[in-house]
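Each chain, written out:
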Amino acid sequence: MSAVLDRPQPRPGVLAIDPYVPGKSAAPSGVKLHKLSSNETPLGASPKAIEAFKGLADKLELYPDGSSTTLRRAIAGKFGLDESRIVCGSGSDEILSLLTSAYVGPGDEGLFTTHGFLVYKLAILAAGGTPVVAPETNLTADVDAILAAVTPRTKIVFLANPNNPTGTYIPFEEVKRLHAGLPKTVLLVLDAAYAEYVRRNDYAAGIELVSTSDNVVMTRTFSKIYGLAMLRLGWCYAPAHVADALNRIRGPFNVNGPALAAGVAALEDDAHTSAAVAHNDRWLPWLTEKIAELGLEVTPSVGNFLLIRFPETGKTAKDADAFLTARGLVLRAVGAYGLPHHLRLTVGPEEANRLVVEALTAFMRGANG
Ligand SMILES: *Cc1c(COP(=O)(O)O)cnc(C)c1O
């Protein structure tokens, strides 16, 4: 091994990144696994999407359509958008990274909130920029605090609405107030990964704001309600000049063919998407209520997951995590989000939801520490 300085050096910032640690996905051997750690849908992908995916199995030698034409057309048709302003990516994570590398460089600042989605910080550091954190109020983005954190160096502001892992959201009026307070040169990224699940009249994912301004981008994903997380598929709606920048820096074939085909089929299967919404509408309130009845603090969520707070001593989040994991119930520890006393629970199938409540009941009644 050569001395550290005698070998290639990553750009400043790269080694400051703590690699993203995904949710656990294993249970002890012999115990049935209920993976409730990554906000995946309990309904799986649409059977039509699975069929479309399989339909390409004997064409793997072909390059995919590098412009994602059919998928952009399908998205544009579904949401009433201009297809030339849609950019598809290998997961919305790729879109978030592309946006950051296009608009943030060394000396620039990227802004997000205390418990904002972790990928924002990673993307900013990877681009050589400086992450800046705006405080939240009650685990919710605070528009005034975000605006107060803007400096002449701010290039990008990320807002997950609703946010992961908190499940909280801000009304569209507040998003518009945030936009109105930002300099026109700052890019506002509205990450609407859970938009389909939200059932609030005062919520909007942000399409209107993208259409009427030059500095707002909305990102969406096929990983959550559409159940295609493994295929890595996301997209954004952006002003034409931002879409142009992304199209210059993205890989020429950044989205794979089976993902494109499955995405088109998933968008067409409204019945499947509605079933996923209905399942969430039933079980999100049920879980919220049952878990709150145990004396645990549950943050009101508009997504497909819940943030549960445990006592700092006695029945801690760490103990609960071990207790649940031993029973095959795998939740998400969120210490990396600055929430060491919380666990995040994804709404699962009925069986898993009932088991979680039973297990938490036993945990809270138990004599163990
Ligand atoms: C899951 C999630 C994403 C989606 O990531 P993909 O790369 O599309 O799988 C984006 N933002 C938030 C807030 C998420 O929770």
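As for the overall build of the protein
Helix and strand content of the protein: twelve helices and 13 strands. The C-alpha atoms of the protein give 21 Å as radius of gyration, which agrees with the globular expectation for 369 residues (21 Å, within 12%). Each principal axis of the C-alpha distribution contributes one length, and for the protein these read about 60 × 55 × 50 Å. Burial analysis of the protein (369 residues in total) assigns 51% to the buried set. Residue pairs at least 24 apart in sequence account for 74% of intrachain contacts in the protein once pairs closer than 6 positions are excluded. When the accessible surface of the protein is split by element, carbon and sulfur atoms take 57% of a total near 16500 Å².

Regarding the side chain of Thr140
With respect to the helices, strands and loops of the structure, Thr140 is situated in the loop between strand E4 (130-134) and helix H5 (143-149). With sequence-adjacent residues up to four places away left out, Thr140 is seen in contact with Thr168, Tyr169 and Ile170.

A look at the packing of aromatic side chains
Counting across every chain of the model gives ten aromatic pairs. Consider the rings of Tyr120 and Phe158, whose centres lie 4.5 Å apart with planes at 0 degrees: the pair is stacked. On the criterion of sequence distance, the pair formed by Tyr120 in helix H4 (residues 119-126) and Phe158 in strand E5 (residues 154-160) is long-range, its members being 38 residues apart. Note on accessibility: Tyr120 and Phe158 belong to one class, buried.

Concerning helix H10 (residues 270-293)
A turn of α-helix holds 3.6 residues, and therefore any two residues three or four places apart point the same way. The end-to-end C-alpha separation of H10 is 35 Å, in line with the 34 Å expected for 24 residues at 1.5 Å each. Inspection of H10 places His272, Thr273, Ala276, Val277, His279, Asn280, Trp283, Leu284, Leu287 and Ile291 among the buried residues, and these make up the whole buried set. Considering only its buried residues, H10 is in contact with helix H1 (47-54), helix H9 (257-268), strand E9 (297-299), strand E10 (305-309), strand E13 (339-346) and helix H12 (350-365). In the segment just after H10, Gly295 is the residue with positive phi, at about 90 degrees.

Things to note about the domain arrangement of the protein
Here the protein is described as being made up of domain 1 (10-44 + 271-364) and domain 2 (47-268). One C-alpha centre belongs to domain 1, the other to domain 2; they are set 24 Å apart. Taken together, the contacts link 32 residues of domain 1 with 31 residues of domain 2. Between domain 1 and domain 2, roughly 2600 Å² of surface is buried when both sides are summed, and carbon and sulfur atoms account for 65% of that area. Here Arg199 and Asp281 are joined by a salt bridge, their closest N and O atoms 2.8 Å apart. Counting every contact that joins domain 1 to domain 2 gives six residue pairs in polar contact (both at pLDDT 80 or more). Looking at the side of domain 1 that touches domain 2, the elements that each hand over two or more residues are H10, E10 and E13.

Brief notes about the sheet that holds E9
Hydrogen bonds between backbone groups are what pair the strands of a sheet, and the pairing can be parallel or antiparallel. In space, the four strands of this open sheet follow the order E9-E10-E13-E12, with antiparallel pairing throughout. Since the sheet does not close on itself, it has two edges, and those belong to E9 and strand E12 (332-334), each with one partner. Across the sheet, the mean angle from the axis of one strand to that of its neighbour is 30 degrees, orientation sign disregarded. Note: E12 against E13, three bridges, orientation antiparallel. Bridging from a neighbouring strand, Arg332 pairs with Arg344 of E13.

Let's talk about the nonpolar core
The biggest cluster of nonpolar side chains holds 57 residues, and the ones touching the most others in it are Leu71, Ile75, Ile86, Phe222, Leu228 and Trp235. Residue contributions to this core peak at seven residues, all from H9. Shared between two domains, this core holds at least three residues of each, these being domain 1 (10-44 + 271-364) and domain 2 (47-268). Apart from the residues lying within four places of it in its own chain, the contact partners of Ile86 are Arg72, Ile75, Ala76, Leu81, Trp235, Cys236 and Tyr237.

Here we look at the site of the ligand
In the neighbourhood of the ligand, the contacting residues comprise Gly91, Ser92, Asp93, Phe117, Asn164, Asp191, Ala193, Tyr194, Thr221, Ser223, Lys224 and Arg232. At 2.6 Å, a backbone N or O of Ser92 approaches an oxygen atom of the ligand. The contact in question runs from an oxygen atom of the ligand to an N or O atom on the side chain of Tyr194, over 2.6 Å. Protein chains shield 94% of the accessible area of the ligand, which is 390 Å² for the free molecule. In terms of residues, the shell around the ligand owes the most to one element, helix H3 (residues 91-103), which gives three residues. Among the residues forming the shell around the ligand, the class breakdown is three nonpolar, five polar and four charged.

Overview of the packing of helix H11 (residues 317-326) against H12
Helix-helix packing: each pair is described by the crossing angle between the helix axes and the interaxial distance. Put simply, H11 and H12 touch, their axes get as near as 10 Å, and they point 130 degrees apart. Of the possible angle classes, the one that applies to H11 and H12 is oblique. The way H11 lies across H12 gives a crossing that is right-handed. Of H12, the residues touching H11 (which contributes Asp319, Ala320, Phe323 and Leu324) are Val356, Ala359, Leu360, Ala362 and Phe363. By residue class, the composition of the contact of H11 with H12 is eight nonpolar, no polar and one charged.

Examining the pattern of salt bridges
Tallied over the full model, the rule gives 16 salt bridges. As a salt-bridge pair, Glu173 and Lys176 come within 3.6 Å of each other at their nearest N and O atoms. With Glu173 and Lys176 both in helix H6 (residues 172-181) and three residues apart, this pair spans about one turn of that helix. Each of the salt bridges in this network shares a partner with another, and the network as a whole consists of Asp144, Glu174 and Arg177.

Calculation notes
- Residues numbered from 1 in each chain as written.
- Predicted model: local features only at pLDDT ≥ 70, side-chain atom pairs only at ≥ 80, totals over all residues.
- Heavy atoms only, no water.
- Helix = DSSP H or I, 4+ residues; strand = E, 2+ residues; numbered from the N terminus.
- Rg over C-alpha atoms; globule rule 2.2 N^0.38 Å.
- Buried < 20%, exposed > 50% of the residue type's maximum accessible area, 1.4 Å probe, protein only.
- Contact = heavy atoms within 4.5 Å.
- Areas by Shrake-Rupley, 256 points an atom, 1.4 Å probe, with all protein chains shown as cover.
- Phe/Tyr/Trp six-rings, centres within 6.5 Å; stacked < 30°, edge-to-face > 60°.
- Expected span 1.5 Å × (residues − 1).
- Domains from an automatic or database assignment.
- Buried area = accessible area lost by both parts, 1.4 Å probe.
- Salt bridge = Lys/Arg side-chain N within 4 Å of Asp/Glu carboxyl O.
- Polar contact = N/O pair within 3.5 Å; in protein donor to acceptor, adjacent residues only side chain to side chain.
- Pairing = 2+ DSSP bridges.
- Axes fitted to C-alpha atoms, helices over the stretch in contact; angles between N-to-C directions.
- Core = buried A, V, L, I, M, F, W, Y, C linked by side-chain atoms within 4.5 Å.
- Near = heavy atom within 4 Å.
- Nonpolar A, V, L, I, M, F, W, Y, C, P; charged D, E, K, R; others polar.
- Parallel < 35°, antiparallel > 145°, perpendicular 65-115°, else oblique.
- Left-handed = near helix turned anticlockwise from the far one by under 90°.

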